[in-house]
Structures are given as C-alpha cells and as structure tokens.
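Listed below are the residues making up each chain.
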Amino acid sequence: MTVRDDVQLDLSYDSVVRRFAPVIGLETHVELGTVSKMFCGCSTEFGAEPNTHTCPVCLGLPGALPVVNAKAIEYTIRIGLALNCSIAEWCRFARKNYFYPDMPKNFQISQYDEPLCVDGHLDVVVEGQTYRVGIERVHMEEDTGKNTHVGGATGRIHGAEYSLVDFNRAGIPLIEIVTKPVEGTGPLAPEVAKAYVTELRDILRSLGVSDVKMEQGSLRCDVNTSLSPIGVSEWGTRTETKNVNSLRSVERAVRSEIIRQAAILDRGGKIKQETRHFQETTGETRSGRSKEEATDYRYFPEPDLVPVAPARDWVAEIRASLPELPAARRTRLKSELGLSTEDLQQMVNAGVVEAVGETVQAGASATEARNWWMGYLAEQANSREVEPTSLPITPAQVARVILLVADGKLSTALARQAVDGVLQTGKDVDAIVAERGLAVVSDTSELTRAADEAIAANPDVADKVRGGKVAAVGALVGAVMKATRGQADAPAVRQILLQQLGVSE
Ligand SMILES: [Zn+2]
C-alpha cells in the first residue's frame, strides 16, 4: 500500500492522542551577542553592507588560522550552568563536513562527541504540572553566511536569475542546545514544547548572552516529533521540523506533525526519517530532505584549534555571577505582587511575567501593570499575531502611561490612544501626549458648557434623571465624553451633570 506523504487527513487531535503517545525533542540554535565572531576579530553587527565584516579566517582562505573567542566560551558556560549542566573539564571542536554555498570552508567548526556542557535539565510548568526537560548538551559552533536569490518572484532559488552571498554572518558564534527526548507529556506535547522554548528564551535573555529575537533568527528552533501507539515502549521514527521561528509556531508545528504522522500510521504507512519545513500560512509541515546520519558528516577533531579546558575557579566565578533566573524571579514576583497561582500561571501562559515585573520596577502598580499586559496590550499583540513582548513598546513606557493615569493626567481612553501612538510611531509616551494633545480636560467651565449642551441635546434623558432615574445620567456622561473626544474626566463630568440637573445622590 502506498501512502502519500503530505496527505492531511481530517483527524481530530483529541482522537489521535487517545491512541498515540508523542515523544518530542528540541534543538535550539542561539546566536550569541558577542562583539566579535567565534574564531576571528570581525564584527558581528547586524545589517552592515554585505561582505564588509570579513577576513581571511571567516572567508576560509587557505592558511588562515582560527582562534577561539573567550567571551563566547564564557557565554556558553553561563548558559550551561543556568540549564543545570556539567561543564566539561576538557573539550574539543570538531569539523562537520558538508557543502553549502554560503559556507566557504566547506566544513563548519562545531562540537561533536566532546561538547562543553552536558546533562542538564530545565523545568517547565504546563497546566499546573511540572515537566522536567532533560538537556543532553550545549555545544558551540559557527553560523554560515547568507544567500540572497535575486530576480525570482518568491526570493527562492527556483526562478532566480542569480544568487549573491554575504559572508558577514559567517563565523558568528552559535550555540546549539539539544534536549533529551521528552516523554510522558501525552496530549500536552505541543504546549510543553512551547513552554520549554519560552522558558529557554527568557533564561537566555536574563543571562544577557543573546538578544533572542526569533523573528530575526537569533533564536531558531528545530522540533523532533515521533509517535508510538499507547502501550508500546519502542519509539516511532522521528521527523525534524526545521527553523520554526515563533513561539506560537512551535506549538502548531508539533500539533500538526502529530496529526500528520497518525494519519500515515492509521493507513499502515511508515514515517520517513526526514527534515520538514513548517509553513506559517497553513500551520502544516512540508517534506524537506531526507535526514542525514551523523556519520555522513565525517566529523573529526578540529586540527587548527587547541582543546578548551575551562579552569574550575573560572567556572565557579561565572556561576557566582549568574543573575536571578526567570523561575526564581517568578517566585519572588508572586509573593511581592501578591499574585495567586492562577494569576501567575495566566501571566506565564501569556508570556508577560518579565514584562509585568519590569513595568512594576519602572514604578507602576502591580495591578495596573498586570491589567495592561494581560488586557489592552495582549489584544494589540493578538491582532498583530505577535507575542505581547514583541510589541514596539517597553515596560518603562507602559509604566509611564500608568503613572499618567494615576496622576489624573490621562483617562483610560486617552491612555489607550497614547499606547496606540507609541505602537505606531515608536516615539516616547510624553512626546505622543504632547503631539496629539492628549490631556484630561478638568477645566470646570469648559466641562459645564459641554454638560449643558448634552442636557439640551437629550431632553428625554435629562427628564428621566430629574425624575429620579439617576443611572440614566450615564448616557449624558457618554455624550460629554464623545464631545470632548474622551478627554474629559468622567467622574467630574458626572458630578457636574447631576449638579446642573439639580439632582443629588
Ligand atoms: Zn573574520
């Protein structure tokens, strides 16, 4: 029986996970935020003119000799320690041989059977349950250059007239963080995968070792997925979904791959070991190339580099300098902000714990900080299909808006307009407020005039209020707010209206 590989059967996720147990694994590449490259002194700055940050080493010219970047080693050790890994007393680089047009040496300097950090773990919480994700290794390597295909409609090589290569990225320090297979998640495999990458990203950010921008590729994730029928201990054949570049996509990629594999297994088919590509538009994965085995790369120890043997007291020094990590910060914020476990979990799920913490640190009240990040900002993020923390607004700016509301200088409606302005222009809150004339009108004579106009325009409502239906005054408050484009102080308006109508509460 032949089974079409990319066929997407109409299986429900729930029906699949009742019959199959998923096993996932994640390989995450992170570009380190060092000033210079992994094996030469070239700048790592993003966005320079093509091929201006190059030298004989990162161009792979004959006779050029690499030298290891000490800062990159330090950063990798920081990451290893934060992930509870053992730091090798001695390790080596290895050559990984393969051809890529944007890789001038025709091999990548990586690490193979002697990585710098091994055997750690990272705990993540999903739906109140803690899952321990084992970390197999954290190793160092270098990035490749970048191809640009010109002349085609799609920017892909097919249909292009010619291709250009930019070696500015070649040799930028990369680390790869590889998990052990994660079993026992059952139906929550997609959520556990997303929670792991989220937690990892937050750790890397707090360590200050990378800017971890998934959308710019400084954090890229490959997701391995396999299925075995429930009750069968042997794992199924796994596929590797490459370069999943948002947190949301991590979850979607695992979910769709679980359904795809189940459809094939249901028809008696076999899963092909291969790499697959996640399609943002459809939320499905598409077949890539068949997966190489490690032996295909003919790894051997890199002869041009000395082994790396980090001194134990240096490792101890790095350990002592680690900042407060996200898990500890959450525990602290929970008690400092008086959050319930559910509140905290909701904030974790929304990915806004750090942002709320920083907003509070910048002077806002905990309740307001939480309300903004979980409310209006989450809505804005949702409509743009990004994470709230990817919005072009900083916690300090959010705190400024909150303070202006607390001081009575902005109403909630105006505060939202101020936030919209920051999101649209990237300017600061005070500049937006000044530019757009966003200020609460509390001038009594102006408000009284607006109140009189509202009463005159709505005689029926006015009569109701005079007749004792005080709640009806809301409609008049609304009219005044509208007339003042949301700039009036609503409680003050209400009081003035009642006064003009001769009604007391
Ligand atoms: Zn260079």
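Enquirer: Mind laying out the sheet that holds strand S9 (residues 173-179), listing which residues take part and the relevant values?
Expert: Taking strand neighbours across the sheet as the criterion, the nine strands line up as S2-S5-S6-S9-S1-S10-S11-S12-S13 in an open arrangement whose pairing is mixed. A single partner strand is all that each edge strand has here, and the edge strands are strand S2 (86-87) and strand S13 (285-290). Direction of pairing for strand S1 (residues 20-31) relative to S9: antiparallel, over a ladder of five bridges. Opposite Thr28, over in S9, you have Ile177 as the bridge partner. Taken strand by strand, helix H4 (residues 247-266) contacts S1, strand S10 (219-229), strand S11 (239-244), strand S12 (274-278) and S13, and its axis lies near 30° from that of S10.

Enquirer: Tell me about the domain arrangement of the protein, and name the residues and values.
Expert: When its domains are assigned, the protein resolves into domain 1 (13-302), domain 2 (324-435) and domain 3 (444-500). Distance between the C-alpha centres of domain 2 and domain 3: 32 Å. Counting from both sides, the interface comprises four residues of domain 2 and, opposite them, four residues of domain 3.

Enquirer: Can you tell me about the pairing of S11, naming the residues and giving the values?
Expert: By the bridge criterion, four bridges tie S10 to S11 in an arrangement that is antiparallel. Looking across to S11, one finds that Thr225 is bridged to Thr239. Relative to S12, S11 runs parallel, the two being bridged by three bridges. Note on S12: the bridge partner recorded for Thr241 is Arg276. Between the parallel elements S11 and S12, the chain passes through H4 in a crossover that is left-handed.

Calculation criteria
Residues numbered from 1 in each chain as written. Predicted model: local features only at pLDDT ≥ 70, side-chain atom pairs only at ≥ 80, totals over all residues. Pairing = 2+ DSSP bridges. Helix = DSSP H or I, 4+ residues; strand = E, 2+ residues; numbered from the N terminus. Contact = placed C-beta atoms within 7 Å. Axes fitted to C-alpha atoms, helices over the stretch in contact; angles between N-to-C directions. Domains from an automatic or database assignment. Right-handed = clockwise from strand over helix to strand, strands pointing away.

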